[in-house]
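Take a look at the letters that make up each chain.
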Amino acid sequence: MSTRAEAEAMGHISSDGNFNMAQAQTSRKGFCSVRHGLALIVHLCNFSIFTQQMNLSIAIPAMVNNTALAGPSNTSTERPPTAPQDSWSETLKEFKPMAPTYDWSPDMQGIILSSLNYGSFLAPIPIGYMSGIYGAKYLVGVGLFLSSVLTFFIPLAADAGVAFLVVIRIVQGITQGMVLTSQYTIWVKWAPPLEKSQLINIAISGQLLGSFIIFLIGGFLCQTIGWPYIFYIFGGIGCACSFLWFPLFYDDPINHPFISTGEKEYIMRSLAQQDSSPAWSLPIKAMVRSLPLWAILIFHFTEFWSFYIFMDYTPTYFSTILQANLRDSGILTSLLVVAAFICTIFGGLLADFLLSRKLLRLMSIRKLFTAIGVLVPSVALVSLHWTRSSLSATMALLALSFTTTTFCQVGAFVNFLDIAPRYTGFLRGLSQVFAHASGAISSTLAGFIMNQDSEFGWRNVFLISASVNVSGLVFYLIFGQAEVQDWATEQTLTHF
């Protein structure tokens, strides 16, 4: 049943098209609403998923024995993590965590870090399709729980060998894809058009908060109690969040037991003109011929190219280029992520403000924010090679890159909600395939480049990333649209 039909079925909405405007205004204003509470719940799920995505990036400098002689890739030795410098070593002198270390080359590290994406090429498509039909509740909850359980087994898999670790990460990537893909279908029925950007960004900002926390305390955990506990702790947090998800989340405001009548009516009225009813059939031929859809998919590939390099290699960049120890590299990275977290919330509010005041059209907002989110970080990336001798200059460029990149969250990354709301789940899954493919290629290629050229490896990685990003932006600016496409309307379904 479509959203329009659901609205008409509600007995609370009067037949003359008017309802209590005071209630509607009350429901629109402020953050003390069920829909904003729902955004916070999704925020927690994203927090958990990204701590589990990023924990290996933080732990891998402690897991790798950089001074050991060459040997088999799964060889391990027992040693305390490398002692920190200066007074920090005195503080940690009493801690002697004994954790295994492994002789993994940069090539092997790149494969391990990118393995999370290997199993995610095809999984998001059926996941997105199912979420569009059945809703997101069980897909998100089960995916979060399974990912959290698998996190507990990463230390055992690493000790068993690289092959076991890669398999665990591939399966974990599939379960995390269940959360990251299906959550977008929530906003088809919960997000009024003038609040869509802020609600999505509140939810998505959990990914940045998770990255911030793991970068902030991950190095400390590795140096004090040992790197395995970074997986045990955040795996446990993820399990707790999954237990909270099932009783608190509902796919539809109509069935929510605690939502007020005013808020329910406001949401349903806002979405009454949007045809978001799920469809079993897919207009595949029309999708293949749709340039606006290809603009979104290609942009996902090009933008996630640098995103995964940032997420996987930032701690390594700080430790190898800036010579920061494990704790300091985590703190420096966390400062970048918290700046991006703040900018994500700000970007969503700004986009909704510009749209609600009719200062810019929706398509202008999408393209403007996307352009800022690509051009500024690309310039900053290219400049990093010439500022590597200055910590302050490097941090300034990285902060500029991290913060402005988040503008894409209210640009091309949510554009599929505009062009085909009824196929949100499927299109989100399809875009995830492009994103994961990009991440697998870019992380592996970055590890290979840095292993082949230790002097100019990082410069080449940054130049390639900037070129890929700008090429995707150009394609999106030419072909991107914000209007619902003909193939995404109910009237055209019978033709496919």
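Definitions and limits used
Residues numbered from 1 in each chain as written. Predicted model: local features only at pLDDT ≥ 70, side-chain atom pairs only at ≥ 80, totals over all residues. Heavy atoms only, no water. Core = buried A, V, L, I, M, F, W, Y, C linked by side-chain atoms within 4.5 Å. Buried < 20%, exposed > 50% of the residue type's maximum accessible area, 1.4 Å probe, protein only. Helix = DSSP H or I, 4+ residues; strand = E, 2+ residues; numbered from the N terminus. Contact = heavy atoms within 4.5 Å. Patch = residues over 30% accessible without salt bridge, like charges linked within 9 Å, V, L, I, M, F, W, Y side chains within 5 Å. Areas by Shrake-Rupley, 256 points an atom, 1.4 Å probe, with all protein chains shown as cover. Salt bridge = Lys/Arg side-chain N within 4 Å of Asp/Glu carboxyl O. Axes fitted to C-alpha atoms, helices over the stretch in contact; angles between N-to-C directions. Parallel < 35°, antiparallel > 145°, perpendicular 65-115°, else oblique. Left-handed = near helix turned anticlockwise from the far one by under 90°. Nonpolar A, V, L, I, M, F, W, Y, C, P; charged D, E, K, R; others polar. Phe/Tyr/Trp six-rings, centres within 6.5 Å; stacked < 30°, edge-to-face > 60°.

Description of the nonpolar core
Counting 118 residues, the largest nonpolar core has Trp104, Ile186, Trp187, Trp227, Ile230, Leu427 and Trp487 as its most contacted members. The biggest single contributor to this core is helix H3 (residues 34–63), with 15 residues. Ile230 has contacts with Asn55, Ile58, Ala59, Ile214, Gly218, Leu221 and Cys222, leaving out every residue within four places of it along the chain. Counting seven residues, the second-largest nonpolar core is a separate cluster that includes Leu354, Ile365, Phe369 and Val410.

Concerning a nonpolar patch on the surface
On the surface, Tyr138, Val142, Phe145, Leu146 and Phe243 cluster together into a nonpolar patch covering about 490 Å² of accessible area. Relative to the helices and strands, Phe243 resides in helix H12 (residues 228–248).

Considerations on the pattern of salt bridges
One pass over the structure, following the stated rule, counts four salt bridges. Two residues, Lys189 and Asp252, come together in a salt bridge whose shortest N-O distance is 3.5 Å. A residue pair is termed long-range when its members are at least 10 positions apart, and Lys189 in helix H10 (residues 186–190) and Asp252 in the loop between H12 and helix H13 (261–270) qualify at 63 residues. Overall, the relative accessible area of 8% leaves Asp252 in the buried class.

Focus on the packing of H3 against helix H5 (residues 106–118)
Put simply, H3 and H5 touch, their axes get as near as 9 Å, and they point 165 degrees apart. On the basis of the axis angle, H3 is roughly antiparallel to H5. The handedness of the crossing between H3 and H5 is right-handed. On H5, the residues touching Gln53, Leu56, Ser57 and Ile60 of H3 are Gln109, Ile112, Leu113 and Leu116. Residues that form the contact of H3 with H5 fall into these classes: five nonpolar, three polar and no charged.

Here we look at the packing of aromatic side chains
Summed over the entire model, instances satisfying the criterion amount to 21 aromatic pairs. Considering the side-chain rings of Phe304 and Phe307, the 5.2 Å spacing of their centres and the 70 degrees angle between planes classify their relative orientation as edge-to-face. Taken together, the positions of Phe304 and Phe307, both in helix H15 (residues 291–320) and three residues apart, correspond to about one turn of that helix. Its relative accessible area of 12% is what places Phe304 among the buried residues. Taking relative accessible area as the criterion, Phe307 reaches 22% and is therefore assigned partly exposed. Aromatic ring contacts, followed pair by pair, group Phe50, Phe299, Phe304, Phe307, Tyr308, Phe413 and Tyr476 into a single cluster.

Considering the environment of Leu216
Mapped onto the elements, Leu216 comes out in helix H11 (residues 196–224). Looking at Leu216, the relative accessible area reads 32%, which means it is partly exposed. The spatial distance from the C-alpha of Leu216 to the C-alpha of Thr333 is 7.5 Å, given a sequence separation of 117 residues.

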